Amino acid sequence: MHDASTHDASVHDKETVRSCPFDFAQQLEFDPQLKELLTEEPVSRIRMAYGEGEAWLVTRYEDVRTVTTDRRFSRSAVLGRDFPRMTPEPIVQAESINLMDPPASSRLRSLVAKSFTPRRVDQMREGTQRIVDRLLDAMEDEGAPADFVARLSSPLPLITICEALDIPEADRPWLRAHALTMMNVGAAGKEDAVRAKAELRGYFTELTADRRRSPGDDLISTLAAARDGAELLDDKELAVMAMVLLITGQDTTTYQLGNIAYTLLTRPELLKTVQAEPERLPRTIEELLRYIPFRKGVGIPRIATEDVELSGVAIKAGDVVHVSYLTANRDAGKFDRPDELDPDRPSIPHMTFGWGAHHCLGAPLATMELEVAFSTLLARFPALRLDAEPEDIRWNTTSIWRYPLALPVTW
C-alpha cells in the first residue's frame, strides 16, 4: 500500500542514504566512513554492495546494546530475505544459532556453553600450551627471520579447534580452504562460496552422524550428548553447530594473532611494558581487542519486528538494522579518548566478541589462546622485532577480515 505519506518518507530517506561498500583496508587504520557515521549520523540509512534495498546502520555503543538485546529486533526474521550485506552469498546457515532468537537460541547456547565453561577452557589451556611450544620450537629451529603468520597465527587456532573437535589431520587444510572461500567479498566468488558451504555442510553431516554412533571425548561428541531437559540437538543443528565452531573457532583468532603481533611490534614502548610486566598482558590484550578494527563494516543484521525509536530516529517494523561493533568500540560517549590505545583505561567491556544473545560463545577459548600465545612468545623471544618496514607489510584486502598476510619477524 502506498499512500502519499509513505511515498514522501521514502523519498526523504533516499536523499540521505549513504552508499557503504565497507571496503576500507589500509593496514589497521580505522575506516573513515564508519568514523564519520559514528560522529555525524549515529543511526543512518545505508546501501551495501550486495542485497536488496536499504538498511539502518546503528553505530553508538548504547544503541548497539539496545539492538542486540531488545526482543523487537529479530535475527531469525532475516531468513529468506535478500538483505543488504558485504558478501555475494550470505555466510550464515538457516539452522545456525547465528540466525536464532531467544528462547530458541537460548536452548542451543546453553548446550554449547557447557563446552566452553571456565573449567573446560582451563583444561584446554594445557593442550594449547603444548601446541604453542611445538610451533615456537619449530620457529626457533628454523631460525630468523621467520613469518609469524605461517609459523604461529595461521596454524595455532586451526590445530586447537580441530583437536577440540577431533578432526583428522589430513582433512584440515581442505576445511581451512573452504572456510576462506566463504569469507571472500568478490562477486565472482559467489558460485565457489555456495559450493564451499554445501561441501562443508556435507562433511560435517557425515562427521557428526559418525560421532553420534560412536562418541569420543571431543567437543562434537559432547554436543551430541548434551541435553537440555529431554531435548538433544537434532542432526541438522549438530552438523551446522560443528561447522560454525570450526569456522569461527579458527578464523578470527588467526587474524587477531597477526593483528595484535603487528600492533605490539610497531609500538616498542607497549611491547617493552608487557615484556617487563607480564601480569599486564591480559588487560593489554583486552584493550588491543577493543582498539583493533579486526574486520570491515558489519555482520548479520536484524529485522525490526515493530516500530522502534533509536536516538530520535524512527525505525519501522520490517526494516533491516545493521550494527557496527567496530564503532561501538570507538564511541567517545563510552570510552575516553577512544582512538588511543591505553591498556590502563578503566575496564569497560568491548564489543569485539559481539553482544547480547549472539555474544561469541567461544570468546573464553579465543582469549585463552591469545594469552598463551603472546605470554610464551614474549618470554621466549625477548628481542623479537619486525623484520620489515611497517609500510611494507602486505594486508588482506579481499575478504571481510583485516589482517597481515605475512609478518616477517627476527630476534
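What you see is a predicted model, and the numbers here were worked out from it, not measured in a lab.

1. A closer look at the pairing of strand S9 (residues 320-323)
Where a strand is regular, its side chains alternate between the two sheet faces.
Right, on to step 1. Burial along S9 is two-sided: the residues Val 320 and His 322 and Val 321 and Val 323 are all buried.
Right, on to step 2. Taken together, the three bridges between strand S3 (residues 55-58) and S9 define a ladder with parallel strand orientation. Considered in S9, the bridge of Val 58 is made with Val 323.
Right, on to step 3. Both strand S6 (residues 302-304) and S9 contribute to a ladder of two bridges, which runs antiparallel.

2. Comments concerning the pattern of salt bridges
Right, on to step 1. Counted under the stated rule, the structure contains 32 salt bridges.
Right, on to step 2. Ionic pairing is found between Asp 344 and Arg 280, a salt bridge with its closest N-O pair at 2.7 Å. Of this pair, Asp 344 sits in the loop between helix H14 (325-328) and helix H15 (363-380) while Arg 280 sits in the loop between helix H12 (268-276) and helix H13 (281-291), and the two are 64 residues apart along the sequence.
Right, on to step 3. Accessibility expressed as a relative area gives 54% for Asp 344, which makes it exposed.
Right, on to step 4. The class for Arg 280 is partly exposed, based on a relative accessible area of 23%.

3. Regarding the packing of aromatic side chains
Right, on to step 1. In total, this model carries 10 aromatic pairs according to the counting rule given.
Right, on to step 2. Measuring from ring centre to ring centre gives 4.8 Å for Tyr 262 and Trp 395, while their planes differ by 90 degrees; the resulting arrangement is edge-to-face. In this pair, Tyr 262 sits in helix H11 (residues 235-265) while Trp 395 sits in the loop between strand S10 (385-386) and strand S11 (408-410), placing the two residues 133 residues apart along the sequence.
Right, on to step 3. Among the aromatic residues, those joined into a cluster by ring pairs are Tyr 255, Phe 294, Trp 401 and Tyr 403.
Right, on to step 4. The residue whose ring lies beneath Arg 85 is Phe 83, and the NZ or CZ to ring-centre distance is 5.7 Å.
Right, on to step 5. Over the ring of Tyr 291 we find Arg 330, and its NZ or CZ is 4.4 Å from the ring centre.

The rules behind each value
Residue numbering note: each chain is counted from 1, following its sequence as written. In keeping with the model being predicted, local features are shown solely for residues with a pLDDT of at least 70 and side-chain atom pairs are shown and tallied solely at 80 or more, while totals for entire chains, interfaces and linings include all residues. Heavy atoms from the whole structure form the basis of all side-chain values; hydrogens and water molecules are not counted. Think of it in three bands: residues with accessible area under 20% of the maximum for their type are buried, residues over 50% are exposed, and the middle band is partly exposed, with areas taken using a 1.4 Å probe on protein chains only. Note on conventions: DSSP H or I runs of at least 4 residues are helices, E runs of at least 2 residues are strands, and numbering of each starts at the N terminus. Strand pairing requires that DSSP identify at least two bridges connecting the strands. Note on definitions: salt bridges are taken to be side-chain nitrogens of Lys or Arg within 4 Å of carboxyl oxygens of Asp or Glu. Centre distance within 6.5 Å is the pairing criterion for rings of Phe, Tyr and Trp, where only the six-membered ring of Trp is used; planes under 30 degrees apart are then read as stacked, over 60 as edge-to-face, and the remainder as tilted. Both a distance and an angle decide whether a charge sits over a ring: NZ of Lys or CZ of Arg must be within 6 Å of the ring centre and within 35 degrees of the ring normal.

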